Amino acid sequence: MRRVVVTGLGMVTPLACGVEESWSRILDGQSGAGPITKFDASRVVTTYACEVPLGDGSDGTFNADDWMEPKERRKVDDFILFGMAAADQAVRDAGWMPEDEEDRLRTGVMIGSGIGGLQSIEATTQLIAEKGPRRVSPFFIPGALINLVSGQVGIRYGFKGPNHAVVTACSSGAHAIGDAARLIQWGDAEVMIAGGTESSICEIGIAGFNACKALSTKYANDPKSASRPYDADRDGFVMGEGAGVVVLEDYDHAVKRGAKIYAEILGYGLSGDAYHITAPSEDGDGGYRSMEAALNRAGIEPADVDYINAHGTSTMADTIELAAVERLMGAAASKATMSSTKSATGHLLGAAGAIEAIFSILAIRDQVAPPTINLDNPDVQPKLDLAPNTRRDREVKVALSNSFGFGGTNASLVLGAPG
Amino acid sequence: MSDVEKRVRKIVVEHLGVEEEKVTESASFIDDLGADSLDTVELVMAFEEEFGIEIPDDAAETIQTFGDAVSFISQHSD
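Residues numbered from 1 in each chain as written. Chains lettered and ligands numbered in written order. Predicted model: local features only at pLDDT ≥ 70, side-chain atom pairs only at ≥ 80, totals over all residues. Heavy atoms only, no water.

- For chain B, the name recorded in an unreviewed UniProt entry is Acyl carrier protein, with Psychromarinibacter sediminicola as its organism.
- Within the UniProt record for chain B, the comment given under Sequence similarities (unreviewed entry) is "Belongs to the acyl carrier protein (ACP) family."
- According to UniProt, the comment filed for chain B under the heading Function (unreviewed entry) is "Carrier of the growing fatty acid chain in fatty acid biosynthesis." (UniProt positions renumbered as here; feature names shortened; annotations may be inferred.)

- In the nomenclature of an unreviewed UniProt entry, chain A is known as 3-oxoacyl-[acyl-carrier-protein] synthase 2 of Psychromarinibacter sediminicola.
- Quoted straight from UniProt, the Pathway (unreviewed entry) entry for chain A says "Lipid metabolism; fatty acid biosynthesis."
- Its UniProt record gives chain A the following Sequence similarities (unreviewed entry) comment, quoted word for word: "Belongs to the thiolase-like superfamily. Beta-ketoacyl-ACP synthases family."

Observations concerning the overall build of chain B
Part 1: A count of helical and extended segments in chain B gives four helices and zero strands.
Part 2: Counted from the first residue to the last, chain B has its helices and strands arranged as α-α-α-α.
Part 3: At 11 Å, chain B has a C-alpha radius of gyration in line with the 12 Å of a compact globule built from 78 residues.
Part 4: When burial is assessed residue by residue, chain B has 47% of its 78 residues classed as buried.
Part 5: For chain B, contacts bridging at least 24 residues in sequence account for 54% of all contacts bridging at least 6.
Part 6: About 4,400 Å² of surface is accessible on chain B, with carbon and sulfur atoms providing 46% of the total.
Part 7: If the 5 positive side-chain charges of chain B are averaged to one point and the 21 negative ones to another, these points end up 10 Å apart. (Helix = DSSP H or I, 4+ residues; strand = E, 2+ residues; numbered from the N terminus. Rg over C-alpha atoms; globule rule 2.2 N^0.38 Å. Buried < 20%, exposed > 50% of the residue type's maximum accessible area, 1.4 Å probe, protein only. Contact = heavy atoms within 4.5 Å. Areas by Shrake-Rupley, 256 points an atom, 1.4 Å probe, with all protein chains shown as cover. Lys, Arg positive; Asp, Glu negative; His and termini not counted. Charge placed at Lys NZ, Arg CZ, Asp CG, Glu CD.)

Some points on the interface of chain A and chain B
By convention, interface size is frequently given as the accessible area that disappears when the constituent parts associate.
Part 1: Facing the eleven residues of chain A at the interface are 16 residues of chain B.
Part 2: Buried surface at the junction of chain A and chain B, both sides included, amounts to about 1,100 Å², of which 43% is carbon and sulfur.
Part 3: Counting across the chain A and chain B interface gives six salt bridges.
Part 4: Across the pair A:Arg135 and B:Glu48 runs a salt bridge, and its minimum N-O distance is 3.1 Å.
Part 5: Classifying every residue of the side of chain A that touches chain B gives four nonpolar, one polar and six charged. (Buried area = accessible area lost by both parts, 1.4 Å probe. Salt bridge = Lys/Arg side-chain N within 4 Å of Asp/Glu carboxyl O. Nonpolar A, V, L, I, M, F, W, Y, C, P; charged D, E, K, R; others polar.)

So, the UniProt feature "domain: Carrier" (unreviewed entry) in chain B
Part 1: Per the UniProt entry, the sites bearing "domain: Carrier" (unreviewed entry) are residues 2–77 of chain B in this numbering.
Part 2: End C-alpha atoms of residues 2–77 of chain B are separated by 13 Å, and the span's content is 58% helix alongside 0% strand.

Quick look at the packing of helix H1 (residues 19–27) of chain A against helix H14 (residues 352–366) of chain A
All names here are of chain A.
Part 1: Taken N-terminus to C-terminus, the directions of H1 and H14 make an angle of 75 degrees; their axes are 11 Å apart at the nearest point. Accordingly, the angle class assigned to the pair H1 and H14 is roughly perpendicular. Together, Val19, Glu20, Trp23 and Ile26 of H1 and Ile358, Phe359, Leu362, Ala363, Arg365 and Asp366 of H14 make up the contact between the two elements. (Axes fitted to C-alpha atoms, helices over the stretch in contact; angles between N-to-C directions. Parallel < 35°, antiparallel > 145°, perpendicular 65-115°, else oblique.)

Digging into the pattern of salt bridges
Part 1: Within this structure, the stated rule accounts for 37 salt bridges over all chains.
Part 2: With its nearest N and O atoms 3.9 Å apart, the salt bridge here joins A:Arg104 to A:Glu99.
Part 3: Taking the relative accessible area as the measure of exposure, A:Glu99 reaches 69% and is therefore exposed.
Part 4: What emerges from the salt-bridge pattern is a single network uniting A:Lys131, A:Arg134, A:Arg135, B:Glu48 and B:Glu49.

Let's talk about the sheet that holds strand S7 (residues 242–250) of chain A
In any sheet, the strands associate via hydrogen bonds between backbone groups, in a parallel or an antiparallel arrangement.
Residues and elements named next belong to chain A.
Part 1: In spatial order, the strands read S5-S4-S6-S7-S1-S8-S14-S13-S9-S10; together these ten strands make up an open sheet with mixed pairing. The open sheet has two free edges, formed respectively by strand S5 (163–164) and strand S10 (337–339), since each of these has just one partner strand.
Part 2: By the bridge criterion, eight bridges tie strand S6 (residues 191–198) to S7 in an arrangement that is antiparallel. Each bridged residue has a counterpart across the sheet, and for Gly195 the counterpart in S7 is Val245.
Part 3: Across the sheet, helix H3 (residues 78–94) touches strand S1 (4–12), strand S4 (107–112), S6 and S7, and the angle it forms with S1 is around 135 degrees. (Pairing = 2+ DSSP bridges.)

Some thoughts on the nonpolar core
All names here are of chain A.
Part 1: Of all hydrophobic cores here, the largest spans 49 residues; its most connected members are Leu9, Ile177 and Leu248.
Part 2: Of all the elements, H14 adds the most residues to this core, at ten residues.
Part 3: If sequence neighbours within four positions are ignored, Leu248 has contacts with Val4, Val5, Val6, Ile177, Ala180, Ala181, Ile184, Glu190, Val191, Met192, Ala194 and Ile265.
Part 4: Of all hydrophobic cores here, the second largest spans 33 residues; its members include Ala85, Ala87, Leu148 and Val153. (Core = buried A, V, L, I, M, F, W, Y, C linked by side-chain atoms within 4.5 Å.)

Brief notes about the UniProt feature "modified residue: O-(pantetheine 4'-phosphoryl)serine" (unreviewed entry) in chain B
Part 1: Using the residue numbers shown here, the UniProt feature "modified residue: O-(pantetheine 4'-phosphoryl)serine" (unreviewed entry) corresponds to B:Ser37.
Part 2: Within the element layout of this structure, B:Ser37 appears in helix H2 (residues 37–51).

Some points on the layout of surface pockets
Residue and element names in this part refer to chain A.
Part 1: By volume, the largest pocket is sized at about 620 Å³.
Part 2: Around the largest pocket, the lining is made up of 36 residues, and of these Thr278, Ala279, Pro280, Thr315 and Ala317 lie nearest the centre.
Part 3: When contributions to the lining of the largest pocket are tallied by element, the ones reaching two or more residues are helix H11 (285–298), helix H12 (317–329) and strand S13 (398–405).
Part 4: Sort the elements by how many residues they give to the lining of the largest pocket and H12 lands first, with five residues. (1 Å grid on protein atoms, 1.4 Å probe; cavity = no way out; pocket = protein on both sides within 12 Å on 5 of 7 lines; lining within 4 Å. Points joined across faces, edges and corners; volume = space filled by probe spheres on them.)

Some words on the pairing of strand S14 (residues 409–416) of chain A
Residues and elements named next belong to chain A.
Part 1: Counting buried positions along S14 gives eight out of eight residues, so the element sits mostly inside the fold.
Part 2: Going residue by residue along S14, you find Thr409, Ala411, Leu413 and Leu415 tucked away on one face and Asn410, Ser412, Val414 and Gly416 tucked away on the opposite face as well.
Part 3: Two strands pair when backbone bridges link them, and strand S8 (residues 263–272) and S14 are joined in this way by eight bridges, in the antiparallel orientation. If you follow Ile265 over to S14, its bridge partner there is Leu415.
Part 4: Taking the residues that link successive antiparallel strands as the turn, the S13-S14 hairpin has three residues, and the phi of Gly407 there is positive, at about 95 degrees.

Observations regarding the state of the cysteines
Simply put, the disulfide is a covalent bond whose two ends are the sulfur atoms of two cysteines.
Residues and elements named next belong to chain A.
Part 1: Taken as a whole, this structure holds zero disulfides over all chains when the rule is applied.
Part 2: Free cysteine: Cys170, not disulfide-bonded; nearest cysteine sulfur from Cys212 at 10 Å.
Part 3: Looking at Cys212, the relative accessible area reads 39%, which means it is partly exposed. (Disulfide = S-S within 2.5 Å.)

Structural notes on the side chain of B:Asp39
Part 1: Mapped onto the elements, B:Asp39 comes out in helix H2.
Part 2: Every residue in contact with B:Asp39, bar those within four places of it in the chain, is listed here: A:Lys75, A:Phe139, B:Leu16 and B:Gly34.

Right under this line is the structure:
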């Protein structure tokens with residue numbers, strides 16, 4: 001089977017626009033949460049979220065003009081804009097913007113999203129109610145469809161290989177990276193631009209997740225402490241937005257062109273819960289099997305895993321995942337570090353798995369496990385080190401990243417140091 | 001320049017992201033100003049909104065240039 005490596009990274013997160021800017025703030029223990037500014041949140045229960053910081057592009061702010069021309073930007077929902085920004089960073093980082101037709105034919109795109117153009121669906125529905133259906137923009141549908149991120153990326157860079165998009169709720173980003181790696185393994189492409197993107201911080205998005213009782217509601221006075229995975233005082237996830245995109249490449253292809261190799265995709269596992277539309281089963285069986293499958297694919301033992309980037313959303317399900325990881329790790333649990341970077345970024349839904357795969361890759365690069373912030377009073381006594389509030393400088397050769405989604409859809413990626 | 005011409009030019013410049021000088025009477029939205037078929041649909045909707053008129057689909061198809069738009073709107077708006 002062909003080996004697949006990661007040669008480019010790109011991200012837009014609530015902490016910053018850019019990989020290094022986001023990562024340094026993660027390690028520093030910063031939170032991306034604050035009061036909602038994207039819409040008037042006075043009618044919804046949860047009034048805070050993790051929004052992408054907007055600005056002139058300096059100091060890690062996101063300046064839309066840097067990523068799409070105003071004329072083009074007007075035609076797409078924010079989730080596409082974020083996805084384009086992350087993809088542009090990733091292909092530039094990888095130095096992969098080929099002019100050669102054969103290279104373009106062998107480069108594909110697979111960028112997923114959990115919900116897609118929810119903001120424009122909401123706005124267009126209001127427009128119809130006020131002005132009637134004749135006022136609907138011809139760009140509404142192509143600006144809201146999930147696979148149009150992959151489509152737009154393909155058009156911008158001329159990538160003519162497989163053009164695909166994953167939709168598996170909060171597992172979308174992880175599934176996209178895993179599935180794209182398999183397309184390379186099977187020889188459908190040499191290079192895949194893969195990841196996830198999301199921008200659902202709008203009234204219908206917050207109201208919808210509030211109705212599911214999934215969001216944190218009690219921290220309006222202190223949003224930065226709202227996302228607190230494993231903590232006894234957690235009360236739901238904090239909605240985030242942004243995108244993560246990686247460049248995946250056949251190992252020999254990457255070596256031949258002298259590309260910088262960040263990590264190798266060692267394993268990928270998938271499973272289904274067959275249990276409930278929004279909740280995992282109490283025994284964490286789905287997540288367990290997903291992790292087990294990924295380790296089997298990688299051909300490694302649980303004891304080989306140094307760092308686990310948990311799904312850990314700051315909901316009741318955190319301890320279910322924790323128990324499943326402890327069961328998987330067995331006696332090796334005490335030697336591994338597990339953290340939830342959602343404590344800092346909030347939950348980016350369909351982008352979560354992608355940014356967390358990138359954080360796992362950076363953990364390997366920099367030999368450090370990022371902290372779980374706001375973990376002051378653990379709900380249960382963990383057998384693993386959860387890196388409460390402090391980064392762990394430690395050996396990280398192998399990292400495991402978990403993503404679990406509504407519908408009982410689970411994905412686990414195993415990432416390893418290059419070489 | 002008529003008032004209609006000014007307002008139509010502003011819409012074209014905004015929607016297509018082109019320089020104002022390029023929006024001449026004979027400038028074709030698709031051939032000269034970089035529009036695609038969806039852009040022209042949106043342009044016509046913007047004209048309808050701006051001038052409070054309705055441009056039926058068969059009439060919209062005849063509006064290919066800046067001049068076509070100005071002349072149609074001049075004839076059909078108050």
